[in-house]
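One letter stands for each residue in the lines below.
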Amino acid sequence: MKPITIFLLASTITAAAQQPLHLSLEETIARARVNSVDAAVALNELRTAYWEYRTYRAELLPELSFTATVPSYHKQYSAYMNSEGSYSFVRNNYLQMTGELSVTQNVWLTGGSLSLNSSIDFFRQLEGDKYNRFMSIPVALTLNQPIFGVNTVKWDRKIEPVRYAEAKAQFLSATETVAMSAINYYFNLLMAKENVEIARQNLDNASRLYEVAKEKRAMGQISENDLLQMELNLLNARSSLTDCESNLKSNMFTLRSFLDLGEDVEIVPEIPSRIPVVDVTYADALEKALANNKFAKNLRRRQLEADYEVAKAKGNMRQINLFAQVGYTGTDHTFGASYQRLKDNQVVEIGFTVPILDWGKRRGRVKVAESNRQVVESRLRQESQNFNQDIFILVERFCNQQQQLGIADKASAIAQRRYDTNVETFLIGRISTLDLNDSQVKKDESRQEYVNELFRYWYYFYQLRSITLWDYENSTGIDADIERIVKS
């Protein structure tokens with residue numbers, strides 16, 4: 001390939017790479033939900049909650065396990081008590097192997113566990129009277145049941161589904177919170193861009209007016225003070241443009257970083273032309289928030305956890321455990337024979353711990369748990385009232401914002417027309433520089449206020465979505481395929 005061709009191709013690629021990236025607000029939100037660090041954090045938190053819930057679900061299913069020791073070799077001296085009560089040491093040299101297959105099921109109704117076991121033990125004496133020995137337990141049914149204690153499995157069945165539902169709602173709210181952050185950064189850049197455009201326009205006007213003012217001063221139509229004011233306006237316009245351009249670069253860097261874009265990407269934000277107009281009432285928003293938001297699920301979970309702590313403290317006041325095993329066993333010198341002539345194998349144990357004198361320690365723990373539950377209930381009531389109040393305020397602000405946005409739009413248009421008229425009037429010498437400067441300030445402030453009102457509208461809109469988890473434009477709930485998202 002010729003050098004000139006390579007140069008042209010490289011120039012084309014560089015120019016294409018430096019093309020400005022025009023982003024609408026919707027595109028920015030969509031990119032943020034995929035590429036931002038906040039979105040990644042929300043996804044990882046969801047994955048953690050998902051696998052914790054899967055682990056809890058697995059606890060309710062039968063568990064099949066195999067345990068083995070192959071081999072266990074011993075060559076040592078061991079203490080041995082003779083028939084008259086004296087001790088001596090005997091030498092042991094043997095090989096032992098064990099294996100057990102078991103199926104265990106947690107019983108959520110009682111909090112115990114039921115297991116079905118099958119095991120084989122092998123013993124080989126390696127010195128003296130050498131021999132092999134097998135002991136088999138073809139089948140044994142084992143029950144391990146705490147009595148009067150707290151049923152942890154039953155409480156988990158109450159708490160864990162609520163915890164997982166809370167985590168899913170938290171993820172959906174987090175995606176809307178990411179959108180709110182994107183809106184904040186986007187409008188910061190948009191406002192900086194508008195300020196640059198305003199500053200450039202003001203600089204052009206100031207330069208043109210200063211030239212006109214010099215001519216008028218030469219003809220004696222304006223005073224020296226007015227000419228100096230025009231020059232001062234020109235210098236201020238240049239300074240303002242420099243500050244605005246610096247602020248634009250700073251806000252562009254922030255948005256690029258948030259969207260995980262390259263440092264050479266120039267983002268060009270666009271003023272949203274589509275404004276969703278929706279009808280929202282406090283009662284409807286509160287109903288949807290209580291049904292969908294993580295808040296209601298968080299209250300339910302914390303109440304259940306407080307109740308569980310009380311139940312656990314009461315259960316620990318006395319401990320009684322039942323262990324029962326029924327089955328068959330056999331033993332012989334050969335593997336096959338150990339499964340013949342089987343005999344009954346039953347074990348029943350009841351162990352208990354009842355405090356006789358603990359100086360009120362266990363009863364005190366119950367009182368502490370009950371007091372903590374009352375504190376939690378008080379906090380939940382207060383948080384519920386605050387939550388309702390926040391929704392009321394948000395709905396009021398959003399509904400008012402629709403009006404404020406329309407007013408700001410009209411005010412900006414009027415201020416722009418007034419400024420354009422004053423510029424023409426000044427050129428023919430009918431208004432002073434003070435009136436012209438005042439109209440310029442009002443024009444700039446009105447434009448900035450319109451962008452601010454636009455930002456507030458979109459921010460309130462997505463804040464409402466985040467709290468209610470409801471898409472007001474399409475009148476449908478905000479949901480997601482959690483399984484696909486977690487496994488993607």
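What counts as what
Residue numbers restart at each chain and count upward from 1, following the sequence in its written direction. Only residues with pLDDT of at least 70 are given local features in this predicted model, and only at 80 or more are side-chain atom pairs given and counted; all residues enter the totals for whole chains, interfaces and linings. Side-chain metrics rest on all non-hydrogen atoms present in the structure, leaving aside hydrogens and water. Counting from the N terminus, the helices are DSSP H or I runs at least four residues long and the strands are E runs at least two residues long. Here a polar contact is taken to be a pair of N or O atoms separated by no more than 3.5 Å, where protein atoms must pair a possible hydrogen donor with a possible acceptor and residues adjacent in sequence count only if both atoms sit in side chains. Contacts are residue-level and defined by heavy atoms, with any inter-residue pair within 4.5 Å sufficient. Here the term buried applies to any residue with accessible area under 20% of the maximum for its type, exposed to any over 50%, and partly exposed to those in between, with areas from a 1.4 Å probe on protein chains only. Each cavity reported here is a set of points on a 1 Å grid over the protein atoms alone in which a 1.4 Å probe fits but cannot get out, each pocket an open set with protein on both sides within 12 Å along at least five of seven lines, and each lining residue one with an atom within 4 Å of a point. Grid points are joined across faces, edges and corners, and a volume is the space filled by probe spheres set on the points. Here the nonpolar group is Ala, Val, Leu, Ile, Met, Phe, Trp, Tyr, Cys and Pro; Asp, Glu, Lys and Arg are the charged ones; every other residue, Gly included, is treated as polar. Pairing of aromatic rings covers Phe, Tyr and the six-membered ring of Trp, with a centre-to-centre limit of 6.5 Å; geometry is then stacked below 30 degrees between planes, edge-to-face above 60, and tilted otherwise. In plain words, nonpolar cores are sets of buried Ala, Val, Leu, Ile, Met, Phe, Trp, Tyr and Cys residues tied together by side-chain atoms within 4.5 Å. One bridge is not enough; two strands pair if DSSP finds at least two bridges between them. Helix axes use the C-alpha atoms of the stretch in contact, all axes being lines fitted to C-alpha atoms, and the angles between their N-to-C directions lie in the range 0 to 180 degrees. Angle categories are assigned with fixed cut-offs, so that under 35 degrees is roughly parallel, over 145 is roughly antiparallel, 65 to 115 is roughly perpendicular, and the rest are oblique. Two helices cross in a left-handed way if the nearer one is turned anticlockwise from the farther one by less than a right angle. They cross in a right-handed way if the turn is clockwise.

Undergrad: Would you mind going over unusual backbone geometry with me for this structure?
TA: Excluding glycine, a negative phi dihedral is what most residues carry, and trans is how most peptide bonds are arranged. Between Val 70 and the following residue, Pro 71, the backbone shows a cis peptide bond with an omega angle of -10°. Looking at where Pro 71 falls in the secondary structure, it is placed in strand S2 (residues 63-81). The phi torsion at Asp 260 lies on the positive side, around 60°, for a residue other than glycine. Its identity as a non-glycine residue notwithstanding, Ser 475 has a phi of 55°, on the positive side.

Undergrad: Help me out: how do you make sense of the side chain of Ser 72 in this one?
TA: In this structure, Ser 72 sits in strand S2. Looking at Ser 72, its side chain comes within polar contact range of the side chain of His 74, at 2.9 Å. Among residues more than four places away in sequence, those in contact with Ser 72 are Tyr 94, Leu 95 and Gln 96.

Undergrad: What is the right way to look at the environment of Arg 163 in this model?
TA: You can see Arg 163 is positioned in helix H4 (residues 152-218). Residue Arg 163 is classed as partly exposed on the basis of its relative accessible area of 28%. Here the alpha-carbon distance between Arg 163 and Ser 78, two residues 85 residues apart in the chain, equals 54 Å. With residues near it in sequence (within four places) discarded, Arg 163 still touches Arg 301 and Glu 305.

Undergrad: Before we go on, may I ask you to explain the layout of surface pockets in this structure?
TA: Unfilled space is identified by rolling a water-sized probe across the atoms. Within this model, the largest pocket holds a volume of roughly 310 Å³. Residue lining of the largest pocket: 14 residues in total, with Arg 33, Val 34, Phe 171, Thr 175 and Ile 485 positioned closest to the centre. For the lining of the largest pocket, the secondary structure elements donating two or more residues are helix H2 (25-35), helix H3 (37-59) and H4. Ranked by residue count, the leading element in the lining of the largest pocket is H3, at 4 residues. Taken together, the residues of the lining of the largest pocket break down into 10 nonpolar, 2 polar and 2 charged. Empty space within the second largest pocket amounts to approximately 260 Å³. At the level of elements, H4, helix H5 (224-259) and helix H9 (433-468) are the ones that each hand at least two residues to the lining of the second largest pocket.

Undergrad: What is the right way to read the environment of Lys 443 from this model?
TA: Locating Lys 443 in the fold gives a position in helix H9. Apart from the residues lying within four places of it in its own chain, the contact partners of Lys 443 are Ile 198, Gln 201, Asn 202, Ala 415, Gln 416 and Tyr 419. A distance of 2.9 Å separates a polar atom in the side chain of Lys 443 from a polar atom in the side chain of Asp 444.

Undergrad: Please explain the packing of aromatic side chains as it appears in this structure.
TA: Aromatic rings considered in pairs are described by the distance between their centres and by the relative angle of their planes. As enumerated under the stated definition, the model contains 21 aromatic pairs in all. For the pair Phe 122 and Phe 134, a centre-to-centre distance of 4.8 Å together with 45° between the ring planes defines the contact as tilted. Of the two residues, Phe 122 is situated in strand S4 (residues 112-125) and Phe 134 in strand S5 (residues 131-147); the sequence distance between them amounts to 12 residues. Each member of the pair, Phe 122 as well as Phe 134, carries the same accessibility label: buried. Taking 5.1 Å as the distance between ring centres and 35° as the angle between the ring planes, the aromatic pair formed by Phe 398 and Tyr 457 counts as tilted. Remark: Tyr 457 occurs in helix H9 and Phe 398 occurs in helix H8 (residues 361-427); sequence separation between them is 59 residues. Residue Phe 398 is classed as buried on the basis of its relative accessible area, which comes to 0%. Judged by its relative accessible area of 1%, Tyr 457 is buried.

Undergrad: Explain the environment of Ala 42 to me, please; I cannot follow it from the model alone.
TA: Structurally, Ala 42 is set in helix H3. The exposure class assigned to Ala 42 is buried, which follows from its relative accessible area of 7%. Put simply, Ala 42 and Thr 175 are 133 residues apart on the chain and 7.5 Å apart in space, counted from C-alpha to C-alpha. The contacts of Ala 42, once residues within four sequence positions are left out, are Phe 171 and Ala 174.

Undergrad: Explanation requested: the nonpolar core in the structure shown.
TA: A general trend in soluble globular proteins is that nonpolar side chains are found buried together. The biggest cluster of nonpolar side chains holds 71 residues, and the ones touching the most others in it are Phe 187, Ile 267, Val 280, Ile 391, Phe 398, Trp 458 and Tyr 462. Among the elements of the structure, H2, H4, H5, helix H6 (282-292), helix H7 (294-315), H8 and H9 are those that each provide at least two residues to this core. Among the elements that make up this core, the one with the highest residue count is H4 (18 residues). If sequence neighbours within four positions are ignored, Tyr 462 has contacts with Ile 29, Arg 33, Glu 176, Ala 179, Met 180 and Ile 183. Among the nonpolar cores identified, the runner-up in size contains 17 residues, and Ala 42, Tyr 50, Leu 60 and Ile 485 belong to it.

Undergrad: Help me out: how do you make sense of the pairing of S5 in this one?
TA: The side chains of a regular strand alternate, first on one face of the sheet and then on the other. Note: S4 against S5, 12 bridges, orientation antiparallel. Bridge assignment links Leu 116 to a residue of S5, and that residue is Leu 141. Connecting S4 to the next strand, S5, in antiparallel fashion are 5 residues, including Gly 128 with a positive phi near 70°. As paired strands, S5 and strand S7 (residues 319-332) are joined by 12 bridges and run antiparallel to one another. Along S7, the bridge assignment pairs Asn 144 with Phe 323.

Undergrad: For this particular structure, what's the right way to read the packing of H4 against H5?
TA: Packed helices, taken two at a time, are described by their axes: the angle between them and the distance between them. With their axes 7 Å apart at the nearest point, H4 and H5 run at an angle of 160° to one another. In terms of axis orientation, H4 runs roughly antiparallel to H5. Between H4 and H5 lies a crossing whose hand is left-handed. Residues of the contact of H4 with H5, tallied by class, amount to 23 nonpolar, 10 polar and 8 charged.

Read these as geometric descriptors, not functional statements.
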